[in-house]
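A look at the structure
Each chain is listed here by its residues.
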Amino acid sequence: MTARIATIFAQEFCMARRNLWVLLATIVLALFALALAFFVAGQGGALDADVLTLTSASLATLSVYLIPLIALLMSYDSFAGEIERGALALTFATPVRRWEVFVAKFLAQTAAVSVSIVSAYAVTGLAVLPFHGAEAEGIAAWLRLMASSVALGAVFVAVGLTLSALSSRTARAAAFAIGTWLLLVVLYDLALLGAIMASGEGTFASHVFPWLVMANPADAFRLFNLASLHAAPVAGIDGLARTLPFPPAAALGALLLWLAATIGIGIARTKRIVP
Amino acid sequence: MTDPILDIRNLSVSFGRLRALDDVSFMVAAGERLALIGHNGAGKSTLFKAVLGFLSPKAGAISVAGHIPGTDAARIAITYLPEVVAFPRSLSGREVLAYFSGLRNAPKAQISDLLDRVGLTEAADRAVGTYSKGMRQRLGLAQALIGAPRLLLLDEPTSGLDPVSRHDFYEVIAEAAARGAAVLLSSHGLEEIQSRTDRVAILSGGSLRAVGTMEDLAREAALPTTIRVTALQGEADRLHSELGGRRLNGCRLEIDCTPEAKLALLARLGTHRDVLQDIDVAAPGLDDIYRHHSRRSDMEESE
């Protein structure tokens, strides 16, 4: 079992590396993170918090858009493409278990996304340190951001793989992936904002709304990072972070639930594929 | 006869209301090569997927070395080469084989030998994206030889290959059969496999029309040998009234006869050599035999 998972893991990770996915994702993330960090630093004494804390707040908001996109792009073709090219039939003809294939692909692509996130954010953090120093709180916020970004990436790799297993054509898988990104990352927030404006102060705002935010992995990620910060100025939908009826760590629980659910659906679906 | 490695009995597979395979039965013994012939949509790929355990039969049973398709024992016994396969372009040939060796728990030490056997030693460390079609197909074959398989399933393995590659390909398959593997391969027509397999099964419209050696099939078809006679100007009428057959034009005549009657007819023609210009003897070709077997059953169906 472990030998087969290791075999698929090695091939998938090697392909992600050779297809320059890891490098590209690292560069994109690092450029955005560095730009944000030095923009924040440029405002200097206007803000009474250290650079890492403030940057982690802005970067959390940006990561919500970028990381799901990177994770979905890396995973959407994984099953659909191999079904189309006939490669999956060969894999399934060996004694490998279907769940092993799904889990190995998930682990490899999550590892690839994680390498990008960790190296990009680590480079940024280290680049900021010599100029602006850091307080313990800033470093903690930065580490929280890295860890929760990895979790967010893992959730969207699982979502992408499941969508890929559901659609046997690359083109359809791509459409599903982009649609999912738009829905969860962009439209969901707009709909929530509209709902809260329409309903005003009331039971919806205090009891339903926080759970709706938690139900979306992208929002849960942002909530976790912003609610954990005490110094950063937050506004709009994120202002909610201050009035949560549950601790910020619960948002991580929401991410884990999403992860477990999508992996479960993905494995069930992979078992039904006729390659 | 030894125990069959592949034993298919009364197999039927349906997709909704479409019957892709209907009551198909045949066996492949160890060391035997059986070619499954049929045109596109005849049900060849469906049959392979049923043997691999990807599709479950609606009726009937398949046994792979005594095991049900899809079980571990059956999957260990079978290796497979699909009709269309594109290995990841960025991996090298050696890496592709290492991947399948890992999944089949086969020794990695075997890989160099496999690459050598299909003539890919020099290209072993190049990316698959740079391979020609023939090289990719040979890599697919090497992959199907990993781990001493007992049954090789090769879906149209030589379509689109040039004659030299095709020849080499069948040589490797013959070696595998000589080591005791059963081989089931599919093809579009008899021409392509010629005498490179032991037996032939003809599949058409989801049912098995004929199984046997090439000679069996030719005998069963009992197709006539056609003798085309070109007579000298004005002599065709006399030949026609004496020997029968069909008049094609002023001086040409076509006579059908059984293979046994061929020599006698030629001898009779010999007595008329003063009025003959040319004789052409056309024995039924492989395509004629194939067409006979797949068409005969179509006619039975429409009756």
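What counts as what
- Residues numbered from 1 in each chain as written.
- Chains lettered and ligands numbered in written order.
- Predicted model: local features only at pLDDT ≥ 70, side-chain atom pairs only at ≥ 80, totals over all residues.
- Helix = DSSP H or I, 4+ residues; strand = E, 2+ residues; numbered from the N terminus.
- Rg over C-alpha atoms; globule rule 2.2 N^0.38 Å.
- Buried ≥ 20, exposed ≤ 12 C-beta atoms within 10 Å, placed from the backbone.
- Contact = placed C-beta atoms within 7 Å.
- Nonpolar A, V, L, I, M, F, W, Y, C, P; charged D, E, K, R; others polar.
- UniProt positions renumbered as here; feature names shortened; annotations may be inferred.
- Domains from an automatic or database assignment.
- Core = buried A, V, L, I, M, F, W, Y, C linked by C-beta atoms within 7 Å.
- Axes fitted to C-alpha atoms, helices over the stretch in contact; angles between N-to-C directions.
- Parallel < 35°, antiparallel > 145°, perpendicular 65-115°, else oblique.
- Left-handed = near helix turned anticlockwise from the far one by under 90°.
- Pairing = 2+ DSSP bridges.

**Describing the overall build of chain B**
Along its length, chain B carries 11 helices and 13 strands. Relative to the compact-globule value of 19 Å for 303 residues, chain B shows a C-alpha radius of gyration of 24 Å, a clear excess of over 25%. Summarising its shape, the C-alpha atoms of chain B cover approximately 75 × 45 × 35 Å along the three principal directions. In chain B, which comprises 303 residues, the share counted as buried stands at 39%. Sequence separation of 24 or more characterises 68% of the internal contacts of chain B that already satisfy a separation of 6 or more.

**Concerning the interface of chain A and chain B**
Interface size, as often reported, equals the accessible area lost upon joining of the parts. Facing the 20 residues of chain A at the interface are 23 residues of chain B. Elements supplying a minimum of two residues to the side of chain A that touches chain B: helix 1 (2–18) and helix 5 (87–93) of chain A. Of the residues contributing to the side of chain A that touches chain B, the split by class is 11 nonpolar, 6 polar and 3 charged.

**Structural notes on the UniProt feature "domain: ABC transporter" (unreviewed entry) in chain B**
According to UniProt, the feature "domain: ABC transporter" (unreviewed entry) maps to residues 6–230 of chain B in the numbering used here. What you have in residues 6–230 of chain B is 33% helix and 29% strand, and the ends, taken at the C-alpha atoms, are 51 Å apart.

**A few points about the domain arrangement of chain B**
Segmenting chain B into domains produces domain 1 (4–219) and domain 2 (224–283). One C-alpha centre belongs to domain 1 of chain B, the other to domain 2 of chain B; they are set 46 Å apart.

**Quick word on the nonpolar core**
In terms of nonpolar packing, the biggest core is built from 154 residues, with Val155 and Leu255 of chain A together with Leu151, Leu153, Val183 and Leu184 of chain B touching the most fellow members. Element by element, the count of residues in this core is highest for helix 7 (residues 136–166) of chain A, at 15 residues. Aside from chain neighbours lying at most four places away, what touches Val155 of chain A is Pro217, Leu255, Trp258, Leu259 and Thr262 of chain A.

**Thoughts on unusual backbone geometry**
All names here are of chain B. Positive phi, close to 55°, is recorded for Asn105, a residue that is not glycine. The topology assignment puts Asn105 in the loop between helix 3 (93–104) and helix 4 (110–117). With 14 C-beta atoms counted inside 10 Å, the residue Asn105 sits in the partly exposed group. Despite not being glycine, Ala148 shows a phi value in the positive range, around 45°. Secondary-structure assignment places Ala148 in the loop between helix 5 (133–144) and strand 6 (151–154).

**Side note on the environment of Leu141 of chain B**
Residues and elements named next belong to chain B. Looking at the secondary structure, you find Leu141 in helix 5. For the pair Leu141 and His167, spaced 26 residues apart in sequence, the C-alpha separation works out to 13 Å. Those residues in contact with Leu141 that sit more than four places away from it in its chain are Leu81, Val118, Pro157, Phe169 and Val172.

**A closer look at the environment of Ile178 of chain A**
If you trace the backbone, Ile178 of chain A turns up in helix 8 (residues 170–199). Taking C-alpha positions, Ile178 of chain A is 29 Å from Pro248 of chain A, a pair spaced 70 residues apart along the chain.

**Examining the packing of helix 1 of chain A against helix 3 of chain B**
Between helix 1 of chain A and helix 3 of chain B, the least distance of the axes is 8 Å, while the angle of their chain directions is 160°. As far as their axial angle goes, helix 3 of chain B and helix 1 of chain A are roughly antiparallel. Crossing geometry of helix 1 of chain A relative to helix 3 of chain B is assigned as left-handed. Taking contact as the criterion, the partners of Ala3, Arg4, Thr7 and Gln11 of chain A in helix 1 of chain A are, on helix 3 of chain B, Tyr99, Gly102 and Leu103 of chain B. For the contact of helix 1 of chain A with helix 3 of chain B, a count of residues per class yields 3 nonpolar, 3 polar and 1 charged.

**Looking at the sheet that holds strand 11 (residues 246–247) of chain B**
Residues and elements named next belong to chain B. The sheet built from 4 strands is open, its strands ordered 11-12-10-13 with antiparallel pairing. Two strands in the sheet have a free side with no partner beyond their single neighbour: strand 11 and strand 13 (276–282). Sheet analysis places strand 10 (residues 225–231) next to strand 13, joined by 6 bridges and oriented antiparallel. Looking across to strand 13, one finds that Ala231 is bridged to Leu276. Each of strand 10, strand 11 and strand 12 (252–257) is contacted by helix 9 (residues 236–243), which is oriented at about 15° to strand 12, the strand it contacts most.

**Side note on the packing of helix 2 (residues 21–42) of chain A against helix 3 (residues 51–75) of chain A**
Residues and elements named next belong to chain A. With their axes 9 Å apart at the nearest point, helix 2 and helix 3 run at an angle of 155° to one another. The angle between helix 2 and helix 3 places the two elements in the roughly antiparallel class. By crossing handedness, the relation of helix 2 to helix 3 is classed as right-handed. Contacts between helix 2 and helix 3 involve Trp21, Ala25, Val28, Leu29, Phe32, Ala33, Leu36, Ala37, Val40 and Ala41 on the former and, on the latter, Val51, Leu54, Thr55, Ser58, Leu59, Leu62, Leu66, Ile70 and Met74. Of the residues in the contact of helix 2 with helix 3, the class split is 17 nonpolar, 2 polar and no charged.

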